[in-house]
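Residue-level listing of the chains:
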Protein chains: 2
Amino acid sequence: MAINTRRIKNILFGEPFPTRAEIHERLDKVRALAIFASDPISSNAYATEAIMSVLILLGAGALRMTLFIGLAVMALVLLVVFSYTQTILHYPKGGGAYIVTKDNLGTLPSLFAAAALMIDYVLTVSVSVSAGVRAITSAIPSLFPHSVALALLAILLLTWINLRGVRESGTVFALPTYAFVVGVLAIVILGLVRITGIFGAAPPVLPQHTFEVAQSTGQITQFLYIWLILRAFAAGCTALTGIEAISDGVAAFKPPESKNAATTMIAMGIIAMSLFLGITFVATHIGLVPIEHESILSQMARAVTGNMPGGGFISGWVQLFTMLILVLAANTGFQDFPRVGSFLAADGFMPRWVQNRGDRLVYNSGIIMLAFLAAIIVVIFRANEIHMLPLYALGVMLGFTLSQISMVKLFNKIMKLKPGETAQTTVTTIHHEAHAKWKRLLPGFGSIVTGVVLVILIATKFMEGAWIVVVAIPLLVQLFRSIRKHYDMVAEGLSVRNFDSSQMRQYADVVIVPMADIHRGSLRALAYARQFSDNVRAISIITSPEQKERLQRRWDRFKDVTGDCELILIDYDYRDILTPLVNYIGDVTNKEFPGKLITVIVPEFIPGSFWASLLHNQTANILRIRLRGYEDVAVVDVPYHIRKHKSEPPTATQPTNEN
Amino acid sequence: MAINTRRIKNILFGEPFPTRAEIHERLDKVRALAIFASDPISSNAYATEAIMSVLILLGAGALRMTLFIGLAVMALVLLVVFSYTQTILHYPKGGGAYIVTKDNLGTLPSLFAAAALMIDYVLTVSVSVSAGVRAITSAIPSLFPHSVALALLAILLLTWINLRGVRESGTVFALPTYAFVVGVLAIVILGLVRITGIFGAAPPVLPQHTFEVAQSTGQITQFLYIWLILRAFAAGCTALTGIEAISDGVAAFKPPESKNAATTMIAMGIIAMSLFLGITFVATHIGLVPIEHESILSQMARAVTGNMPGGGFISGWVQLFTMLILVLAANTGFQDFPRVGSFLAADGFMPRWVQNRGDRLVYNSGIIMLAFLAAIIVVIFRANEIHMLPLYALGVMLGFTLSQISMVKLFNKIMKLKPGETAQTTVTTIHHEAHAKWKRLLPGFGSIVTGVVLVILIATKFMEGAWIVVVAIPLLVQLFRSIRKHYDMVAEGLSVRNFDSSQMRQYADVVIVPMADIHRGSLRALAYARQFSDNVRAISIITSPEQKERLQRRWDRFKDVTGDCELILIDYDYRDILTPLVNYIGDVTNKEFPGKLITVIVPEFIPGSFWASLLHNQTANILRIRLRGYEDVAVVDVPYHIRKHKSEPPTATQPTNEN
């Protein structure tokens, strides 16, 4: 049995890695970019469109502003990326918002950062998977009714790949990520070439739809105008989710960890922003307009490759890898959620087992927990990512703000150091740095900007669902705190400070052996009991005169085993025989031997298989569970395995009751 | 916690009855008729119509034959009822097909009888509940989409009432049962009065529909004609299900049990047959024709009360109680299935716990098992009883046949007795009887008739689903036999025949204490271990150098507790620390002390609540489960409860790992 389970596990998830192999499982920059950056990169598939979809409400003319808003988003992304690069270099063991905030602002703010980020990672998975499924069902409409099932399947698949280990998932995810980047770059370059008209032909402008929505509803007030611009900006900000992931995962990089992580971070920023800028520039220049049934990216691919040999191939390539990267974007969540969880667990704010690493050296519990939560969101929202988006991106923005304020405080400390001097924070070592004053400007400015964006996000999306997140974050923080409180209590209870061995509870020289009948199993338990006490009491709850007579008869028959043990028979007129049994044991521990440890020996019949266990009362198991309430009762299971005596034919007599 | 569960249980199901109160929970004849006979009596709601629905295929003229086929069914019912009355008188402790067949034909045939009956009782519940729900959704069509949910709700309700005890359900069911009988009797009498024209007015004959289905499809062959007559008869035979129930439930009657049961049986037969004959007679005489959207019974109620003051009330009464009795008919299954199950369990053919009686002295497990199986059938067949009917009534017919053949054999034994002589069968006592030879004719003839009917049922319904039952019965018999085989093996293993106390395994003077850390809990376990062995080995699986150093340091610090115990540290480079632990223990039991009982002490930290337990590794539990595979390892749980020291503030240090 055990061997088979192990083998199935190994086939599904691969051979276990020894702990020392951890270094071999580290990520090179190519793989790291694929698994950490899939979310920021995939944002390009929809960020431009998200901005345009809001602007279109102001009329088709307003689409001209897409590029400006796009540039604002891009500036924000680059600001955060460079700010985080600083963080990574200062926190070489991993420096996500939780760690950095804890180190500089204290526990409570760090818990807010962690709660916000974890909520956002769950949403990353639900949103990405749902968006990916929408891309698939747009291509194959007959699959539409199965959207939820497909999304759950995608989550299952991602869970499986992630459980197989970080390097393996890096390998799997590299191809679609880079293929997407190449494909999008190709159409951007093609678009630029056509716009500049180097080859003589201007790109074929698609037929212009006329949108007069806003005008037709009357005058646009100044307020509404600004409001919609802000909303368009907020929509574009979904491109910022997932930037955090690399900073938490520094420890997963090959050495030198922080240098490699910082390089990967910058590469991610440059790639994501080139694509975003390129798409936005081309899309606005050839006059694309968001429509219901085709994405901007797809329209653009068709437009720029329109009357070109091999154009269909490029366009198909982009569409295929867009679908894939949308699903894979979820992986950023799969990377970071379990890591943040393990940091919290190490500090006692999440269940301890969240920090345990599985056979493949990944945080199994965190991965499974994330998959489970994301699946719930997918089911609740029926795999409709449009309805999830208002809840999204708030969390990261809170994380960014807190993390950057923390970096400002860290630079304040660094500035106090003299040249050559070093100091120790709770987490990391800081050295004197030249120009620390100037470096501080980056997170300083960044924190103000992300703080303002956070307010904009909450304000513009509050009623559509952002309030859920605003309520959920403090609740989650409270949960973290009560988990920690429990662990503190346990630690105190188990602590050996002031431990005095004379306080130890004494052992009471009494052993109680409950038995329903006298057979080989109970005789074995009795013989065992006599080995370590002279005060052995066999106890049986009697529900019929026949049972009493039979027990007494057999007791006397096996005098050489029962010896001078006491046989206690308790008459009982109900069927739940455990109640009088537990009451008797309770009296012995509370009244007869208060403050001493008594022993109960349970003869336990072990059926050969799960199916066989269904045929037996679970009396021994239930008794053990009910006795857990008593502080001073040690419970001994004496197992009894049935052996087949193949030589004898099965008896035709009625089977004896067993425990 | 425990008190609250108990209180909720008491509110839901009532206070537990003591075992000696069983006699007070016995049924008088009025209640017994209501709970056992609801199925046979409810058959009147549809049996006539079932026959007519088949005959109509031969043309409206063929409906004249309804009465003759009805008389045939009636004759069959009376035959079985009187035959079973004999059985009850000869088996005063209960004499359903299983017991009687076991006593006279042997184990294997009796298992076939039991399997057939149990399958039929599951179907009784699914069919009745679905038919009742159809009656409700006919009245309130908007409920139709919720048929399955309503049927499941009805099953839940019946389960609940039955779990509250037999007398209480008798009281609850009496009103609708008798109200139905009174209502139907009233319209039958009204119908007869009108037909005879005593009050001058012949009953208003409903507009005659013309059915020419069979004719229009061409010539009816002789074979088809007989085939359809047989099918009509087979359809009427569903009226026979549930007759068996009283004979199994004799022990539930007030004393004199068998006399009261026999009287109730006869009363049931007379009531059911008067209603059936009355409905069939009136329905054919006023020329009713089965139509899709209204039942024959409802048509008849409207017809005979048509232009009469208060007629609407009578008609409404009949419709209301028809609905109710259709649902309640399921209760016959709830009575008999658990009883047959308990007989089988007592003989080791079903899990032993099926014979345990719950707090209210009913067979809880059997009731819940039945509800569960019936719910599955309801879900599979989407609460459509029409599709279930072909599977139905076969089982009872096999039971009747086997039971009556058994009675013939019993009478053969009785006939051999001289006047005044008595003899003992495996189950009951038989006496000399006058006219035993003549009495034997009843079951003799009955078994031939039900045997022929069984063949007809299988032949006419085989392809529509009866084959499922034909396949299922032998499979179930095989399951019974393998359960018994398991119990035989267990009984042999536990048996104290040839028991020799010198064969008992010896106790090895070694105690192993696995520990992850040294804290109050593990020190307590260690101190306990030292009480009963001088060879105590503390064992810890080491996954990091820090852990090793810390353990060794603390071990030395608490020398007064650890004493001369051995500390075994095993380095391990994977995370599943239980594997090396179990391997070590396996080596000790198999290689170091083969054939001797060794002891493992597990310090177990007991969290205060279920939620708290989620925060801790289940290491102790999993270890216990994995050690169950070893025959000679006794496992001791030494519990450690956390106490709150309210005086001290919670420590801010990082919590220690606990087990």
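This one's a predicted model, so the numbers in the text were calculated from it and none came from an experiment.

1. A short note on the overall build of chain A
- Scanning chain A from terminus to terminus reveals 27 helices and seven strands.
- In terms of overall size, chain A is more extended than a compact globule, its C-alpha atoms giving a radius of gyration of 33 Å where 659 residues would be expected to give roughly 26 Å.
- For chain A, the C-alpha atoms occupy an extent of roughly 110 × 65 × 50 Å along the three principal directions.
- Taken across its 659 residues, chain A has 48% of its residues classed as buried.
- Taking all contacts inside chain A whose residues are at least 6 apart in sequence as the whole, residues at least 24 apart take part in 81%.

2. Considerations on the domain arrangement of chain A
- The domain boundaries assigned to chain A delineate domain 1 (2–486) and domain 2 (504–641).
- Summarising the inter-unit geometry, the C-alpha centres of domain 1 of chain A and domain 2 of chain A are found 60 Å apart.

3. Structural notes on the sheet that holds strand 4 (residues 536–542) of chain A
- The 10 strands lie next to each other as 5(A)-4(A)-3(A)-6(A)-7(A)-7(B)-6(B)-3(B)-4(B)-5(B), forming an open sheet whose pairing is mixed. Looking at which strands have only one partner, the edges of the open sheet turn out to be strand 5 (566–571) of chain A together with strand 5 (566–571) of chain B. Along the sheet, successive strands turn relative to each other by an average axial angle of 25°, direction set aside.
- Here six bridges tie strand 4 of chain A to strand 5 of chain A, and the two strands are oriented parallel to one another. The residue bridging I541 of chain A from the neighbouring strand is I570 of chain A, located in strand 5 of chain A.
- With respect to the sheet, helix 27 (residues 619–627) of chain B is in contact with strand 3 (506–514), strand 6 (596–606) and strand 7 (633–641) of chain B, its orientation differing from that of strand 6 of chain B by roughly 160°.

4. Comments concerning the interface of chain A and chain B
- Between chain A and chain B, the contact holds 73 residues from the first and 73 residues from the second.
- Examining the composition of the side of chain A that touches chain B, we find that 11 residues originate from one element, helix 21 (residues 441–494) of chain A, more than from any other.
- Across the side of chain A that touches chain B, the residue classes break down as 34 nonpolar, 19 polar and 20 charged.
- Two elements, strand 7 (residues 633–641) of chain A and strand 7 of chain B, share three bridges in a ladder whose sense is antiparallel. If you follow D637 of chain A over to strand 7 of chain B, its bridge partner there is V635 of chain B.

5. As for the pairing of strand 7 of chain B
Residue and element names in this part refer to chain B.
- A large share of strand 7 lies buried, amounting to eight of its nine residues.
- Both strand 6 and strand 7 contribute to a ladder of nine bridges, which runs parallel. Within the sheet, the bridge partner assigned to T599 lies in strand 7 and is A634.

6. Points about the relation of the copies chain A and chain B
- Rotating chain A by 180° about the axis while translating it 0.1 Å along that axis superimposes it on chain B, leaving an RMSD of 0.1 Å. What the rotation and shift describe, once combined, is the action of a two-fold rotation axis. Within chain A, V636 of chain A has its C-alpha nearest the rotation axis, a separation of 2.0 Å.
- Interface overlap between copies: 100% of the residues of chain A at the interface are likewise at the interface in chain B, consistent with a symmetric, same-surface contact.

7. So, the packing of helix 7 (residues 107–139) of chain A against helix 8 (residues 147–163) of chain A
Residue and element names in this part refer to chain A.
- Their axes nearest at 9 Å, the elements helix 7 and helix 8 cross at an angle of 125°. Here helix 8 runs oblique to helix 7, going by the angle between their axes. Where helix 7 crosses over helix 8, the handedness of that crossing is right-handed. Listed contacts from helix 8 to V125, V129, S130, G132, V133, I136 and T137 of helix 7 are S147, L150, A151, A154 and I155.
- Looking at the contact of helix 7 with helix 8 residue by residue, the class counts come to eight nonpolar, four polar and no charged.

8. A look at the nonpolar core
- Among the nonpolar cores identified, the biggest contains 161 residues, and V77, A115, I155 and M300 of chain A are the most heavily contacted of them.
- Not counting residues within four places of it along the chain, the set of residues in contact with A115 of chain A comprises I473, L476, V477 and F480 of chain A.
- Of all hydrophobic cores here, the second largest spans 160 residues; its members include I35, A135, A154 and V166 of chain B.

9. With respect to the confidence of the model for chain A
Residue and element names in this part refer to chain A.
- Summarising the model, chain A shows a mean pLDDT of 85, and 93% of its residues fall at 70 or more.
- When the elements of chain A are averaged for pLDDT, helix 10 (residues 213–216) gives the smallest value, 43, and helix 17 (residues 364–380) the largest, 95.
- Contacts for the low-pLDDT stretch residues 206–217, under 50 throughout, to residues beyond four places or in other chains number 18 contacts.
- Low pLDDT, under 50, characterises residues 645–659; the predicted model gives this stretch 36 contacts beyond four residues in sequence or across chains.

10. Re helix 14 (residues 296–305) of chain A
- The buried fraction of helix 14 of chain A amounts to seven of the 10 residues, a majority that puts the element mostly inside the structure.
- Against the buried residues of helix 14 of chain A lie helix 4 (47–55), helix 9 (166–196), helix 13 (257–285) and helix 15 (311–328) of chain A.

11. Remarks on unusual backbone geometry
Residue and element names in this part refer to chain A.
- Here the residue pair P255 and P256 is connected by a cis peptide bond, since its omega of -5° sits within 30 degrees of zero.
- Mapping P256 onto the fold places it in the loop between helix 12 (245–248) and helix 13.
- For A383, which is not glycine, the phi torsion reads 55° and is therefore positive.
- By the element assignment, A383 lies in the loop between helix 17 and helix 18 (385–388).

12. With respect to the packing of helix 7 (residues 107–139) of chain B against helix 21 (residues 441–494) of chain B
Residues and elements named next belong to chain B.
- Between helix 7 and helix 21, the shortest axis-to-axis distance is 9 Å and the interhelical angle comes to 120°. By the angle class used here, helix 7 and helix 21 are oblique. In terms of crossing hand, the pair formed by helix 7 and helix 21 is right-handed. In contact with L111, F112, A115, A116 and I119 of helix 7, helix 21 contributes V469, A472, I473, L476, V477 and F480.
- Classifying every residue of the contact of helix 7 with helix 21 gives 11 nonpolar, no polar and no charged.

13. Notes on the environment of V638 of chain B
- Among the structural elements, V638 of chain B can be located in strand 7.
- Assessed through the 25 C-beta atoms surrounding it within 10 Å, V638 of chain B is described here as buried.
- Each C-alpha atom, one on V638 of chain B and one on A529 of chain B, is 9.6 Å from the other, the two residues being 109 residues apart in sequence.
- In this view, V638 of chain B contacts A634 of chain A together with R524, A525, Y528, I601, P603 and E604 of chain B; residues no more than four positions away in its chain are not counted.

14. Quick word on the pairing of strand 3 of chain B
Residue and element names in this part refer to chain B.
- By the bridge criterion, four bridges tie strand 3 to strand 6 in an arrangement that is parallel. Bridge assignment links Y507 to a residue of strand 6, and that residue is L597.
- Bridging between strand 3 and strand 4 (residues 536–542) involves four bridges; their strand directions are parallel. If you follow P514 over to strand 4, its bridge partner there is I539.

What counts and what doesn't
- Just so you know, the residues in each chain are numbered from 1, in the order the chain's sequence is written.
- The lettering of chains begins at A and the numbering of ligands begins at 1, in the order of writing.
- For a predicted model such as this one, the threshold for reporting local features is a pLDDT of at least 70, and the threshold for listing and counting side-chain atom pairs is 80 or more; totals across whole chains, interfaces and linings nevertheless cover every residue.
- Only DSSP runs of H or I covering at least 4 residues are called helices, and only runs of E covering at least 2 are called strands; the numbering of each starts at the N terminus.
- Within these notes, the globule rule equals 2.2 Å times the number of residues to the 0.38 power, and the radius of gyration is based on C-alpha atoms.
- Buried, partly exposed and exposed are defined by the number of other C-beta atoms within 10 Å of a residue's own C-beta, namely 20 or more, between the two limits, and 12 or fewer respectively, with C-beta atoms placed from the backbone.
- Residues are treated as contacting if the C-beta atoms built from their backbones sit within 7 Å of each other.
- The split into domains, and so the bounds of each, comes from an automatic or database assignment of domains.
- DSSP-based pairing: two strands are paired if at least 2 bridges between them are found.
- Helix axes are fitted to C-alpha atoms over the stretch in contact, other axes to C-alpha atoms as well, and angles between N-to-C directions run from 0 to 180 degrees.
- Residue polarity follows a fixed list, in which Ala, Val, Leu, Ile, Met, Phe, Trp, Tyr, Cys and Pro are nonpolar, Asp, Glu, Lys and Arg are charged, and the others, Gly among them, are polar.
- Superposing copies: least-squares fit, C-alpha atoms only, residues required to have pLDDT of at least 70 in both.
- Here the word oblique covers every angle except those under 35 degrees (roughly parallel), over 145 (roughly antiparallel) and from 65 to 115 (roughly perpendicular).
- What makes a crossing left-handed is the near helix being turned counterclockwise from the far one by less than a right angle; a clockwise turn instead makes it right-handed.
- The term nonpolar core means buried Ala, Val, Leu, Ile, Met, Phe, Trp, Tyr and Cys residues held together as one set by C-beta atoms within 7 Å.
- Per residue, pLDDT captures the predictor's confidence, and it can take any value from 0 to 100.

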